[in-house]
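Here are the chains, one letter per residue:
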Amino acid sequence: MSITILGIESSCDDTSAAIIKDGVLLSNVIANQDIHKAYGGVVPELASRAHQQNIIPVVDQAIKLANVSKKDVSAIAFTRGPGLLGSLLVGTSFSKAFSLAMDIPLVEINHLQAHILVHFIKEIDKEKKTPEFPFLCLLVSGGHTQIVVVKNYLEMEIIGQTIDDAAGEAFDKCAKVIGLPYPGGPFIDKNAKQGNKNAFIFNKPRIKNLDYSFSGLKTSFLYSVRDSLKKNPDFIKENMMDLSASIQHTIIEILMNKLELAVKQTGINQIAVAGGVSANSGLRDALINKTHDLGWQTFIPEFKFTTDNAAMIAITGYYKYLNKEFAGQDITPLARFPF
Ligand code: KG4
Ligand code: ZN
């Protein structure tokens, strides 16, 4: 009998629903919330309201595009956390109600674990190379930066993580300093292609183990730009591309140095990357170079699976369904949710 999972994602500012049948993606609908751009960051109160408006049409469209009926859905999987509580509550409440109404199991999903499992989403008529267990995953998003040993679909161990800001946060905060819109990561990426990555040098953290730190870099960037602006009010305008290329290069070097150390320490050389920052072209190039230089086997997700989406929730739900890991109606979302 086939297994059809409806996945629901509402942890931050994207409302998404997806259908996965027997591990194969049939639909993945995402409603972005443009409203936050005007505020330079996600406004939690506005995000929850937008989720509330979007959730029914998004689910409806996902079911229609997949060409299935509500009655075909075997289980509903939803993001329990981590994320913004008000946003998570919308997806959680919807999923509980759907599970009750359709009399199907409810599956709770950890958003971070789901980002990693995008590597196992199958698509119709597409061949995809999947990592073998155990593999390392560099998970880099707006809220998290971690090196994870993935032992199995649902068994993962964090061996390094940021002690302050996430890599995506560093991109976004530095972008804000030079007047780029939110989220700034993609704008830095675009500018960096036309800049000199060695034009400016910024302080890198000195942490011995596999942990990351990005708050010092952000401060170093801010002070350096502020000091230069005192001497030349047009400094940002004249150096936008070089500043973007240099900060991107520094963030990538910090990420890659620790990843290389993790490979040395674990002896694992199958490396995957996941999360919003894995869309960064400089990071993707750096990983591909390691494939050539150090013989790593690298797994880089398609762009559509890098940022938040429900396909990743549905695929994780599929594996939890096979394991019969179901949640009760008393389940509540968690803003912090380590795995
Ligand atoms: O995974 P995600 O969609 O949401 C979280 O769970 O946080 O990641 C969003 C983050 C933002 O910080 C955004 O600036 C960053 O991913 N991002 C990028 C790029 N595309 C998205 N950062 C650098 N380069 C990109 N091309
Ligand atoms: Zn995410």
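For the structure, check the block above.
Residues numbered from 1 in each chain as written. Chains lettered and ligands numbered in written order. Predicted model: local features only at pLDDT ≥ 70, side-chain atom pairs only at ≥ 80, totals over all residues. Heavy atoms only, no water.

Things to note about the site of ligand 1
Inference 1: Residues in close proximity to ligand 1 total 19 residues, the closest being Gly142, Asp172, Asp189, Gly276 and Asn280.
Inference 2: Contact between ligand 1 and Asp172: an oxygen atom at 2.6 Å from a side-chain N or O atom of the residue.
Inference 3: Residue Asn280 places a side-chain N or O atom 3.0 Å away from a nitrogen atom belonging to ligand 1.
Inference 4: Look at ligand 1: alone it shows 560 Å² of surface, and the protein chains cover 88% of it.
Inference 5: Sorting the residues of the shell around ligand 1 by element identifies helix H3 (111-116), helix H4 (167-177) and helix H5 (185-192) as the ones contributing at least two each. (Near = heavy atom within 4 Å. Polar contact = N/O pair within 3.5 Å; in protein donor to acceptor, adjacent residues only side chain to side chain. Areas by Shrake-Rupley, 256 points an atom, 1.4 Å probe, with all protein chains shown as cover. Helix = DSSP H or I, 4+ residues; strand = E, 2+ residues; numbered from the N terminus.)

A short note on the packing of aromatic side chains
Inference 1: For the structure on display, the rule yields 13 aromatic pairs.
Inference 2: Arranged with centres 5.5 Å apart and planes meeting at 25°, the rings of Phe120 and Phe133 form a pair that is stacked. Placement of the pair is Phe120 in the loop between H3 and strand E6 (122-123) and Phe133 in the loop between E6 and strand E7 (135-140), with a sequence separation of 13 residues.
Inference 3: Residue class for Phe120 comes out buried when judged on its relative accessible area of 6%.
Inference 4: Counting every residue linked through ring pairs, the aromatic cluster contains Phe120, Phe133, Phe135, Tyr153, Tyr318 and Tyr319.
Inference 5: The cationic tip of Lys129 hangs over the ring face of Phe299; the distance from NZ or CZ to the ring centre is 4.7 Å.
Inference 6: Over the ring of Phe303 we find Arg284, and its NZ or CZ is 4.1 Å from the ring centre. (Phe/Tyr/Trp six-rings, centres within 6.5 Å; stacked < 30°, edge-to-face > 60°. Buried < 20%, exposed > 50% of the residue type's maximum accessible area, 1.4 Å probe, protein only. Lys NZ or Arg CZ within 6 Å of the ring centre and 35° of its normal.)

Digging into the coordination of the zinc ion (ligand 2)
Inference 1: Note on the zinc ion (ligand 2): its protein donors are His111 (NE2), His115 (NE2) and Asp308 (OD). The metal-donor distances range over 2.0 to 2.1 Å.
Inference 2: The coordination sphere of the zinc ion (ligand 2) comprises 4 donor atoms, whose angles at the metal cover 95 to 144°; the geometry is irregular.
Inference 3: Looking at Asp308, the relative accessible area reads 15%, which means it is buried. (Donors = N, O, S within 2.8 Å, 3.2 Å for Na, K, Ca; no water. Tetrahedral: all angles 85-135°; square planar, octahedral: opposite > 155°, others 65-115°.)

Some remarks on the side chain of Lys96
Inference 1: Within the fold, Lys96 resides in helix H2 (residues 85-102).
Inference 2: Here Lys96 is buried and forms no salt bridge, its nearest opposite-charge partner Asp330 lying at an N-O distance of 6.8 Å.
Inference 3: Residue contacts for Lys96: discarding those within four places in its chain leaves Leu106, Gln329, Asp330 and Ile331. (Lys, Arg positive; Asp, Glu negative; His and termini not counted. Salt bridge = Lys/Arg side-chain N within 4 Å of Asp/Glu carboxyl O. Contact = heavy atoms within 4.5 Å.)

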